[in-house]
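Examination of the molecular architecture
Chain residues, written in single-letter form:
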Amino acid sequence: MKNLIDFINSNNVRFIEELKEFLRIPSISNNPDHKPDMQSCSKWLAKHIESIGFEKVEVYNTPGHPIVYAEYMKAGKDKPTVLLYGHYDVQPVDPLELWTDPPFEPTIKDGKIFARGTTDDKGQLFIHLKSLEAYLKNNNSLPVNIKILYEGEEEIGSPNLPKFLEDNKELLKCNLVVISDTSMYTKGLPSICYGLRGLAYMQIDLVGPNKDLHSGSYGGGVDNPINALANLITKLKDEKGKILIDGFYDDVVPLSQKERDEFKRLPFNEENFKKELEIDEVFGEEGYTTTERLSARPTLDCNGIWGGFQGEGAKTVLPSKAGAKISMRLVPNQMPKKIAQLFEAYINKIAPKSVKVKVTDLHGGKPSVTPIDTPAINAAVESLKKGFGVEPVFMKEGGSIPIVNSFKEILGADTVLLGFGLPDENAHSPNEHLDLDNFHKGILSITHYFNELSKIK
Ligand code: BES
Ligand code: ZN
């Protein structure tokens, strides 16, 4: 291992320069204007994977954005096959004016690299590639068989990836999936994530009168879709954070006392949490701690809302239309399709006759859990200890990576989530960044991990 560690230590500056090239490509998946960037980003990635020593690299076109696949199967039949998954697509950058530096011009400050996609997920998937490079350039071999699967649609719910898994079960056959697209619990504390929430993402559209009306002439006699929408939204959740949709909690597996005790051992400081976010009080479901609410209980949040006059000054108008985007984070065993149906049924039940309401199921993903009493998890504990010099913690994440459930359902493989981001690195928001110390220790940890995995019989 020494030669590998020396190589990783002495090439760190070059690794970061290469990562910058990757980050400069504005691979925003949700915007059709960026389709050419998605193409060039997938090509850049494929070329990079070849350059580090992979012989078999393919770019597969899909009805959406391309999938990059590569493999190395020379470790032998007696060694595990590890599927590495990551996503090269990034979130949109708005509001652009809140970025200190341009989102696609990577900038280093205070030991952190700033750009869209640094922590989510280009910087993190690059950690895997640089570890593979260390092996291939120094040992001319990898200790385990590796399959690489990078997609460009994670941030829009991976619409085309499940079918790709179905169609390519043999190609993607593996013993284990490894992903770095989550966060460490806190700086200096390596973390193994064993659960992700699922998601049901809905849109509600309301139409009142067939055109905007003078609010003086018609107000009082015609329902206002914004008022009606606000009423609907307040009926989705009570003031204590309990979700009121009929049947919403029916399939929720209660937290075990053991798990609740484990949560209490995580170093969460509520006062600091409030201070960082400049909020006076936390909010959430009664009877649960903030840690539990953040990752192990279901949620319902309005993500956006529109309607009527938003310009400067006043305009008296009774608008014709209003709408909202609403997401629900799901926990085992809530299923997104069923939750979407319950949501729609509830909205239809409570909506007034004075407006027309349309509910659309935009996308969803199932929650996932990884069993932690396995050799692959033990190997992860050992590797993180070596990479960071600290015993890792086990945690759940509140975010979602819907394809993790498909890896289990379609390929039969569990996923080990070793995240090297930090929770406050502004994923999905302005000034996204990645701590370069974690980038470096991440490469060391993953390098140990491939070695530890090769010892599993
Ligand atoms: N990297 C995140 C997943 C994540 C979020 C992990 C928060 C840990 C904490 C991923 O890129 C992501 O943002 N996923 C989306 C999925 C959705 C679009 C289906 C999410 O969680 O909103
Ligand atoms: Zn993301």
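Above this note sits the structure.
Here we summarise the structure given alongside this text. Please read these numbers as outputs of a predicted model, since none were measured by experiment.

Right, let's talk about the site of ligand 1 for a bit. Within the structure, ligand 1 sits among 16 residues, and Asp120, Glu154, Arg329, Ser400 and His428 are positioned closest to it. Note that an oxygen atom of ligand 1 is positioned 3.1 Å from one of the side-chain N or O atoms of histidine 87. Aspartate 120 is positioned such that a nitrogen or oxygen atom in its side chain is 2.8 Å from an oxygen atom of ligand 1. Its free accessible area being 510 Å², ligand 1 has 85% of it covered by the protein chains. A breakdown of the residues in the shell around ligand 1 according to their chemical character gives three nonpolar, seven polar and six charged.

Next up on the list: the coordination of the zinc ion (ligand 2). The protein atoms that coordinate the zinc ion (ligand 2) are Asp120 (OD), Glu155 (OE), Glu155 (OE) and His428 (NE2), at distances of 2.0 to 2.6 Å. Note on aspartate 120: relative accessible area 12%, which makes it buried. We classify histidine 428 as partly exposed; its relative accessible area is 40%.

In this section: the sheet that holds strand S12 (residues 356-365). Taking strand neighbours across the sheet as the criterion, the four strands line up as S10-S11-S9-S12 in an open arrangement whose pairing is antiparallel. Two strands bound the open sheet, and with one partner strand each, they are strand S10 (301-307) and S12. Across the sheet, the axes of successive neighbouring strands diverge by a mean angle of 15°, strand direction being ignored. With six bridges joining them, S10 and strand S11 (residues 321-330) adopt antiparallel strand pairing. Residue pairing for S11: tryptophan 306 is matched across the bridge by glycine 323. Lying over the sheet, helix H7 (residues 225-234) contacts strand S9 (198-207), S10 and S11, oriented at roughly 15° with respect to S11. Running over the sheet, helix H11 (residues 336-350) touches S9, S11 and S12 and is turned about 165° from S12.

Mapped onto the fold, glutamate 425 is located in the loop between strand S15 (415-419) and strand S16 (433-435). Look at glutamate 425: it is buried, it has no salt bridge, and the nearest opposite charge is lysine 187 at 7.4 Å. Those residues within four positions of glutamate 425 in sequence are excluded, and the remaining contacts are Thr119, Asn431, Glu432, His433, Leu434 and Asp435.

Contact pair helix H2 (residues 12-23) / helix H4 (residues 122-138): the axes reach a minimum separation of 11 Å and the direction vectors enclose 135°. Overall, the two elements H2 and H4 adopt an arrangement that is oblique. Relative to H4, H2 is oriented so that their crossing is right-handed. Contact residues: Arg14, Phe15, Glu18, Leu19, Phe22 and Leu23 in H2; Lys122, Gly123, Leu125, Phe126, Lys130 and Glu133 in H4. Class assignment for the residues of the contact of H2 with H4 results in six nonpolar, one polar and five charged.

Here the structure, examined in full by the defined rule, presents eleven aromatic pairs. On the numbers, 4.9 Å between centres and 10° between planes, the contact of phenylalanine 22 with tryptophan 44 is stacked. Taken together, the residues phenylalanine 22 in helix H2 and tryptophan 44 in helix H3 (residues 35-51) connect sequence positions 22 residues apart. There is no split in this pair, since phenylalanine 22 and tryptophan 44 are both buried. With 5.2 Å between their ring centres and 80° between their planes, phenylalanine 248 and tyrosine 249 make a pair best called edge-to-face. You can call phenylalanine 248 buried: its relative accessible area is 1%. Among the aromatic residues, ring-to-ring pairing joins Phe22, Trp44 and Phe126 into one connected group. One residue, lysine 109, lies across the ring of phenylalanine 114, its end atom 5.9 Å from the ring centre. Lying over the aromatic face of phenylalanine 22, lysine 122 brings its terminal NZ or CZ to 5.2 Å of the ring centre.

Glancing now at the pattern of salt bridges. Enumeration over the complete set of coordinates arrives at 34 salt bridges. One salt bridge connects lysine 187 with aspartate 435, and the closest N-O pair in it is separated by 2.9 Å. Of this pair, lysine 187 sits in the loop between strand S7 (176-179) and strand S8 (191-196) while aspartate 435 is found in strand S16, placing the two residues 248 residues apart along the sequence. Looking at lysine 187, the relative accessible area reads 45%, which means it is partly exposed. Where salt bridges share partners, they join Arg14, Glu18, Lys130, Glu133 and Lys137 into one cluster.

Between the first and last C-alpha of H4 there are 24 Å, a value that for 17 residues agrees with the 24 Å anticipated at 1.5 Å per step. For H4, a buried count of 15 out of 17 residues is recorded, marking the element as mostly surrounded by other parts of the structure. In the stretch just after H4, asparagine 140 is the one whose phi turns positive, near 60°.

Okay, the packing of H2 against H3 next. Their axes nearest at 10 Å, the elements H2 and H3 cross at an angle of 155°. With respect to their mutual orientation, H2 and H3 come out roughly antiparallel. From H2, Glu18, Glu21 and Phe22 reach across to H3, where they touch Cys41, Trp44, Leu45 and His48. Partitioned by chemical class, the residues of the contact of H2 with H3 number four nonpolar, one polar and two charged.

Attention now goes to the sheet that holds strand S5 (residues 112-114). Strand order in the open sheet formed by three strands is S4-S5-S16, with antiparallel pairing between adjacent strands. Lying at the two open borders of the sheet, with one neighbouring strand each, are strand S4 (107-109) and S16. Along the sheet, successive strands turn relative to each other by an average axial angle of 25°, direction set aside. Pairing analysis gives three bridges linking S4 to S5, with the strands arranged antiparallel. What sits directly across from isoleucine 108, in S5, is isoleucine 113.

The rules we used
- Residues numbered from 1 in each chain as written.
- Chains lettered and ligands numbered in written order.
- Predicted model: local features only at pLDDT ≥ 70, side-chain atom pairs only at ≥ 80, totals over all residues.
- Heavy atoms only, no water.
- Near = heavy atom within 4 Å.
- Polar contact = N/O pair within 3.5 Å; in protein donor to acceptor, adjacent residues only side chain to side chain.
- Areas by Shrake-Rupley, 256 points an atom, 1.4 Å probe, with all protein chains shown as cover.
- Nonpolar A, V, L, I, M, F, W, Y, C, P; charged D, E, K, R; others polar.
- Donors = N, O, S within 2.8 Å, 3.2 Å for Na, K, Ca; no water.
- Buried < 20%, exposed > 50% of the residue type's maximum accessible area, 1.4 Å probe, protein only.
- Pairing = 2+ DSSP bridges.
- Helix = DSSP H or I, 4+ residues; strand = E, 2+ residues; numbered from the N terminus.
- Axes fitted to C-alpha atoms, helices over the stretch in contact; angles between N-to-C directions.
- Contact = heavy atoms within 4.5 Å.
- Lys, Arg positive; Asp, Glu negative; His and termini not counted.
- Salt bridge = Lys/Arg side-chain N within 4 Å of Asp/Glu carboxyl O.
- Parallel < 35°, antiparallel > 145°, perpendicular 65-115°, else oblique.
- Left-handed = near helix turned anticlockwise from the far one by under 90°.
- Phe/Tyr/Trp six-rings, centres within 6.5 Å; stacked < 30°, edge-to-face > 60°.
- Lys NZ or Arg CZ within 6 Å of the ring centre and 35° of its normal.
- Expected span 1.5 Å × (residues − 1).

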